[in-house]
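Below, each chain spelled out in residue letters.
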Amino acid sequence: EAQVTQNPRYLITVTGKKLTVTCSQNMNHEYMSWYRQDPGLGLRQIYYSMNVEVTDKGDVPEGYKVSRKEKRNFPLILESPSPNQTSLYFCASSFLNGQGGEQYFGPGTRLTVT
Amino acid sequence: GENVEQHPSTLSVQEGDSAVIKCTYSDSASNYFPWYKQELGKRPQLIIDIRSNVGEKKDQRIAVTLNKTAKHFSLHITETQPEDSAVYFCAASRDGNKLVFGAGTILRVKS
């Protein structure tokens, strides 16, 4: 089954404790992206990757890191989480297409930082 | 960079009525405009999209219109049903991949 998976789905942590949210897709997509969703702000892009070893900042990259060592995986790293990073996080993937195309979203990770 | 504004933030309609959600974008180079639907507790899913070389696209009860000159595009849902209740997001892209989303519209269909 074609899908994007994320783990964990829920996470409660404390300020400053490093964490990683994993994202994996099995559709051979080149493009992968991380978004955060906050009420009234929609979906905002954190980082994206157009292929292996190619990553770039989105609109709200501060406090986050990513890596793309393999085509299927795109982990999101919070080295020192802070309460303002409490949010719902989505990973998404798609084929690289200048004409546009569907981005497939993972199920989401709800993160609470106390 | 691109900025997408979406209105209204909340929309309530009676079952069977039509619903219209409007978005404006700032970057005249944007050429791809998708709409995503997010049901409660679920992931966003693409429902329809339009490219800048097309003015209107329809898929059963949903349609999207694009006015490039005015830099706005709209989602139209006809004969609304309770299962249309969800959050709808518009987005714009200049390269087909990087999406900038609007803030979302909560649509409630009352039966």
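Residues numbered from 1 in each chain as written. Chains lettered and ligands numbered in written order. Predicted model: local features only at pLDDT ≥ 70, side-chain atom pairs only at ≥ 80, totals over all residues. Heavy atoms only, no water.

A. Molecular detail of the layout of surface pockets. Its volume calculated, the largest pocket comes out at about 680 Å³. Around the largest pocket, the lining is made up of 28 residues, and of these A:Gln37, A:Leu88, B:Gln38, B:Leu40 and B:Val87 lie nearest the centre. Taken together, the elements giving at least two residues each to the lining of the largest pocket come down to β4 (31-38) and β9 (87-94) of chain A together with β9 (86-92) and β11 (105-110) of chain B. In the lining of the largest pocket, the residues fall into 13 nonpolar, 10 polar and five charged. (1 Å grid on protein atoms, 1.4 Å probe; cavity = no way out; pocket = protein on both sides within 12 Å on 5 of 7 lines; lining within 4 Å. Points joined across faces, edges and corners; volume = space filled by probe spheres on them. Helix = DSSP H or I, 4+ residues; strand = E, 2+ residues; numbered from the N terminus. Nonpolar A, V, L, I, M, F, W, Y, C, P; charged D, E, K, R; others polar.)

B. Broad picture of the interface of chain A and chain B. Listed per partner, the contact involves 26 residues of chain A and 18 residues of chain B. When the buried area of chain A at its contact with chain B is split by residue, A:Leu43, A:Glu102 and A:Phe105 rank highest and sum to 26% of it. Where chain A packs against chain B, one counts one salt bridge. Here B:Lys98 and A:Asp59 are joined by a salt bridge, their closest N and O atoms 3.4 Å apart. Counting across the interface, chain A meets chain B through 10 residue pairs in polar contact (both at pLDDT 80 or more). A total of four residues in the side of chain A that touches chain B trace back to one element, the largest contributor, which is strand β5 (residues 42-51) of chain A. Here the residues of the side of chain A that touches chain B are counted per class, giving 11 nonpolar, 13 polar and two charged. (Contact = heavy atoms within 4.5 Å. Buried area = accessible area lost by both parts, 1.4 Å probe. Salt bridge = Lys/Arg side-chain N within 4 Å of Asp/Glu carboxyl O. Polar contact = N/O pair within 3.5 Å; in protein donor to acceptor, adjacent residues only side chain to side chain.)

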